[in-house]
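Residue-level structure breakdown
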Amino acid sequence: DPLGLGRDALPEEIAAWDVDVMPDGTGLPEGSGDVMTGEEVFLEKCAACHGDFAEGLGNWPPLAGGEDTLDRKDPVKTVGSYWPHLSTVWDYVNRSMPFGQAQLLTPDETYAITAYILYSNYLVEEDFVLSRENFSEIAMPNAEGFIIDDRSDAEYPLFTVEACMQDCKESVEITMHASVIDVTPGEAADEEEASPASNEEEPAVDPELVAAGEKQFNKCKACHMVGEDAQNRVGPVLNGIIGRAAGAVDDYTYSSAMAEAEIIWDDEELRAFLGDPKGFLPGNKMSFPGLKASEDIDAIIAYLRAHP
Amino acid sequence: QGGPDPLITEVQDWASYTGEGVDETPYGLPIHFEADVIRRNVPWLTADPISSINFTPIHALDGTITPAGCAFERHHSGAIELAKPDYRLMINGLVDRPLVFTYADLERFPRHSGVYFCECAANSGMEWAGAQLNGSQYTHGMIHNMEYVGVSLKTLLDEAGIQPEGKWLYVEGADASSNGRSIPLEKALDDCMIAFKANGEALRKEHGYPVRLIVPGWEGNLWVKWLRRIEVTSGPVESREETSKYTDTLDNGISRKWTWVMDAKSVVTAPSPQSPIQHGKGPLVITGLAWSGRGVITRVDVSTDGGKNWQTARLAAPGQRMAMTRFWLEHDWNGEEMLLQSRAIDETGYVQPTKEALRDIRGENSVYHNNGIQTWWVREDGSAENVEVS
């Protein structure tokens, strides 16, 4: 019998959290988006990782291409070549993307991004508009490419046999060595501990503000690193950003807007930039909506100052 | 042995002077001599450590319980900080009463416990095309085994009342990845649980504090961390994690889906590449781990000649359902090179297959569910390498 624990979930609460979309489209909200709008949104919010044409950058996944590769060595699994349901694309983009800024897209933006991904896979024309109404009409190329786990027929009878104990094979030869490929991470590197640099000459920092800034920096760290061993990622490394010229990190490919901006990152410029990244410098590729609260901005600046 | 050992004949500092008091370490870490027994990442595997995996140092552990501090982590959008007062769990969908629980509510349900292994479906996945990573931590370390305490999923679902059309669950995390998976109701009602304690203490942040799902014997991706919602549905959602990922592509390009069960598997954890023999010939303890998602491990065999001849190892304790089993084989090493293998057998009679036998059926593109027999080539100097044999 029920124990009477918990309370009733309110309709507004269920609506806020129950947003998953089923293969038949159940769960899709009203809305629509076209390919061209999708391209704009994609370039702004997705292309930093997935490439302008959804081709994937570095180790980030490609979303387009890969047709006829599934039965070859190293298949290229994309939305077009592999994903069986379009609902999965909408649902994943809506709940999990963009990486580091999830669950902030509008339904129309999600429809538009989904339409652009279809277009980049040559599955729709450039004048296509995706909506809840025509959603289930889209046929995914690999929809029939899956079978339900058949190990109980295909494998278990073969492997459920008396195990041989003596003279099980005539000879044994080594056929492959891991050392030939040599991709095991080295262990020496993580044992060397660099001693923290002395920063006695730095101005005093408010440790509480720095700690608050570290928390705020969670919103940045999907793209930016600071501190020891920091490297460029989607965004440039931010060590020493205070007082540095914009677009000045070596080996980082800036937007031309940022590369050509004649800005020194002092408190005032950073405050303006972090409050409204796109408005402050149109054309720059930081796909972050900006921080509303000025105390959050101050905290991040303090945190960055603590990483000279 | 030259003369008398000064460690014995001379009074050592630690025998004269005092050590640390009880206030020194209110919650301790391992002694610094063990500083290399840590989780490790393979940076080239993924685009970013925020959406990545690391590996349990199984080469340096013994027994069966994995210490939480070095138990592997897998995040899709990083390990989040979710405080107990901010925690909510919703049950909705095809239920009589959609409910919301606080963390405090969950602690008032009848408790349930169990020891279970959690293995990533991709454990050993880098070895499909051949021997690649040199060490049991890297080849088999996407696994941990902990004692969980929490509430059975059946108890929670009974509280909401499942409607007759409800056949599946969709379970979803609170983090930015919103990782979600579909689970058939039959499994959910059989042995799944939500856990808030692991190895006696609160779950670690990286393992889903304050509440995660436990799906015994099934792939780790289903063990949703920071669990925030359980929806009873009539069919599977076919989310990203159960279509584009965690599906196993066969040689002909067709892919298996819903490959939830982790088949019987074992590995010699030492000696192994990160844990070479340093004592020369003579008595040698060969040790390793075995587990099966289909029940109890009943036997583990060990070969020192690459699978020609086998001897049955000693189980440290009788196997437990969907939990790790430790095996030991006391061996008199003659100092010659060995090709060390282990082979697990579970209560269904399933015998862990060779990698070749798996490739004959699946090809090399499966990514997931590689439970083939591992070979370590131990050389005369005691060092070891990951190899494959004919």
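Residues numbered from 1 in each chain as written. Chains lettered and ligands numbered in written order. Predicted model: local features only at pLDDT ≥ 70, side-chain atom pairs only at ≥ 80, totals over all residues. Heavy atoms only, no water.

Another aspect to go through is the domain arrangement of chain B. Residue and element names in this part refer to chain B. Each assigned domain of chain B is listed here: domain 1 (74–256) and domain 2 (265–387). Once you take the C-alpha centre of each, domain 1 and domain 2 turn out to be 28 Å apart. Each partner contributes to the interface: domain 1 provides 40 residues, whereas domain 2 provides 35 residues. Between domain 1 and domain 2, roughly 3,100 Å² of surface is buried when both sides are summed, and carbon and sulfur atoms account for 52% of that area. Summed over the shared surface of domain 1 and domain 2, the result is 2 salt bridges. With a shortest N-O distance of 3.0 Å, lysine 265 and glutamate 119 are connected by a salt bridge. (Domains from an automatic or database assignment. Contact = heavy atoms within 4.5 Å. Buried area = accessible area lost by both parts, 1.4 Å probe. Salt bridge = Lys/Arg side-chain N within 4 Å of Asp/Glu carboxyl O.)

Pairing between the strands of a sheet is mediated by backbone hydrogen bonds and can be parallel or antiparallel. Taken together, 6 strands build an open sheet; the order of strands is E5(A)-E24(B)-E23(B)-E22(B)-E18(B)-E19(B) and the sheet is antiparallel. Two strands close off the open sheet at either side, each with one partner strand: strand E5 (174–177) of chain A together with strand E19 (311–312) of chain B. As defined by bridge partners, strand E23 (residues 375–378) of chain B adjoins strand E24 (residues 384–389) of chain B across 4 bridges and the pair is classed as antiparallel. Within E24 of chain B, the position partnered with valine 378 of chain B by the bridge is alanine 384 of chain B. (Pairing = 2+ DSSP bridges. Helix = DSSP H or I, 4+ residues; strand = E, 2+ residues; numbered from the N terminus.)

This next bit is on the sheet that holds strand E21 (residues 325–333) of chain B. All names here are of chain B. If you walk across this open sheet you meet the 4 strands as E16-E17-E21-E20, and the pairing is antiparallel. Each end of this open sheet is capped by a strand with a single partner; those strands are strand E16 (265–270) and strand E20 (314–315). The pairing of E20 with E21 spans 2 bridges and is classified as antiparallel. Residue pairing across strands places leucine 315 opposite phenylalanine 327, the latter belonging to E21.

Attention now goes to the interface of chain B and chain A. Buried accessible area, meaning the area lost when the parts come together, often serves as the stated size of an interface. At the junction of the two partners, chain B supplies 104 residues and chain A supplies 81 residues. When chain B packs against chain A, the two sides together hide about 7,700 Å² of surface, and 55% of this comes from carbon and sulfur. Three residues, Arg240, Lys308 and Ser390 of chain B, lead the burial of chain B against chain A; their summed loss comes to 8% of the area buried on that side. Linking chain B with chain A are 10 salt bridges, by the criterion used here. Between aspartate 263 of chain B and arginine 151 of chain A there is a salt bridge, and its shortest N-O distance comes to 3.0 Å. The element that contributes the greatest number of residues to the side of chain B that touches chain A is E24 of chain B, accounting for 5 residues. Of the residues assigned to the side of chain B that touches chain A, the class counts are 39 nonpolar, 34 polar and 31 charged. (Nonpolar A, V, L, I, M, F, W, Y, C, P; charged D, E, K, R; others polar.)

Our next topic: the pattern of salt bridges. Summed over all chains, the structure comprises 38 salt bridges over all chains. A salt bridge links arginine 321 of chain B to aspartate 191 of chain B; its shortest N-O distance comes to 2.8 Å. Taken together, the positions of arginine 321 of chain B in the loop between E20 and E21 and aspartate 191 of chain B in helix H6 (residues 185–191) put the pair 130 residues apart, joining distant regions of the chain. Exposure remark for aspartate 191 of chain B: the relative accessible area of 7% places this residue in the buried category. Connected via shared salt-bridge partners are Asp18, Asp20, Asp91 and Arg95 of chain A together with Glu172, Arg228, Arg229 and Glu231 of chain B. (Buried < 20%, exposed > 50% of the residue type's maximum accessible area, 1.4 Å probe, protein only.)

On to the pairing of strand E13 (residues 227–233) of chain B. Residues and elements named next belong to chain B. Counting buried positions over the 7 residues of E13 gives 7, a clear majority of the element. Of the pairings in the sheet, the one linking strand E4 (residues 88–93) to E13 comprises 4 bridges and is parallel in character. Residue methionine 90 lies in a different strand from E13, and its bridge partner there is arginine 229. By the bridge criterion, 6 bridges tie strand E8 (residues 168–173) to E13 in an arrangement that is antiparallel. Opposite valine 171, over in E13, you have isoleucine 230 as the bridge partner.

Residues and elements named next belong to chain A. Taking 1.5 Å of rise per residue, the 14 residues of helix H5 (residues 107–120) would be expected to cover 20 Å, and the 20 Å separating its terminal C-alpha atoms lies within 8% of that figure. Summarising burial for H5: 10 of the 14 residues are buried, a large majority. Within the sequence span of H5, burial applies to Thr110, Tyr111, Ala112, Ile113, Thr114, Ala115, Tyr116, Ile117, Leu118 and Ser120. Elements that come into contact with the buried residues of H5 comprise strand E2 (32–34), helix H2 (35–45), helix H4 (86–96) and strand E3 (129–131). Of the residues flanking the end of H5, it is tyrosine 122, one or two places downstream, whose phi is positive at about 60°. (Expected span 1.5 Å × (residues − 1).)

All right, on to H2 of chain A then. Residue and element names in this part refer to chain A. When H2 is considered as a whole, its buried residues turn out to be Val35, Gly38, Val41 and Phe42. Relative to the axis of H2, the buried residues are bounded by an arc of 120° and lie together on one face. In this structure, the buried residues of H2 make contact with E2, helix H3 (47–50) and H5. Capping the start of H2, aspartate 34 holds a side-chain oxygen 3.1 Å from the backbone nitrogen of methionine 36, two or three residues further along. (Arc of directions from axis to C-beta. Polar contact = N/O pair within 3.5 Å; in protein donor to acceptor, adjacent residues only side chain to side chain.)

Residues and elements named next belong to chain A. If you check the domain split of chain A, you get domain 1 (15–137) and domain 2 (207–305). Contact with domain 1, which involves 8 residues of that partner, is made by 7 residues of domain 2. In terms of surface lost to domain 2, no three residues of domain 1 exceed Glu44, Ala48 and Gln101, which account for 59% of the buried area on that side. Applying the counting rule to domain 1 against domain 2 returns 0 salt bridges.

What follows covers the packing of aromatic side chains. In this structure the tally under the stated criterion is 22 aromatic pairs over all chains. A centroid spacing of 6.3 Å and a plane angle of 40° characterise the contact between tyrosine 116 of chain A and tyrosine 119 of chain A, whose relative ring orientation is tilted. Here tyrosine 116 of chain A and its partner tyrosine 119 of chain A are both found in helix H5, 3 residues apart, which amounts to about one turn of the helix. Exposure remark for tyrosine 116 of chain A: the relative accessible area of 3% places this residue in the buried category. Plain terms: the ring middles of tryptophan 265 of chain A and phenylalanine 273 of chain A are 5.0 Å apart, the flat faces sit at 35° to each other, and that makes the pair tilted. We note that tryptophan 265 of chain A, like phenylalanine 273 of chain A, is buried. Among the aromatic residues, those joined into a cluster by ring pairs are Trp168, Trp218, Trp258 and Trp260 of chain B. The ring of tryptophan 310 of chain B carries the charged tip of arginine 343 of chain B above its face, separated from the ring centre by 4.1 Å. In this structure, arginine 379 of chain B packs its charged tip against the face of tryptophan 377 of chain B, placed 4.7 Å from the ring centre. (Phe/Tyr/Trp six-rings, centres within 6.5 Å; stacked < 30°, edge-to-face > 60°. Lys NZ or Arg CZ within 6 Å of the ring centre and 35° of its normal.)

Grouped together as the largest cluster of nonpolar side chains are 96 residues, with contacts concentrated most on Leu106, Tyr148, Leu153, Leu156, Ile194, Leu227 and Ile230 of chain B. Sequence-distant contacts of leucine 156 of chain B, that is, excluding residues within four places in its chain, are made with Leu89, Ile91, Phe101, Leu106, Phe109, Val151 and Ile194 of chain B. Ala47, Leu105, Val124 and Phe135 of chain A belong to the second-largest nonpolar core, a separate cluster that totals 40 residues. (Core = buried A, V, L, I, M, F, W, Y, C linked by side-chain atoms within 4.5 Å.)

The next thing to look at is the state of the cysteines. Summed over all chains, the structure comprises 1 disulfide over all chains. Here cysteine 164 of chain A engages in a disulfide with cysteine 168 of chain A; their sulfurs sit 2.1 Å apart. Classification of the bridge connecting cysteine 164 of chain A and cysteine 168 of chain A rests on its S-S torsion, roughly -100°, and on that basis the disulfide is left-handed. Residue classification places cysteine 164 of chain A among the partly exposed positions, given a relative accessible area of 34%. Accessibility expressed as a relative area gives 28% for cysteine 168 of chain A, which makes it partly exposed. A disulfide-free cysteine, cysteine 118 of chain B has its sulfur positioned 8.2 Å from the sulfur of cysteine 120 of chain B, the nearest such atom. (Disulfide = S-S within 2.5 Å.)

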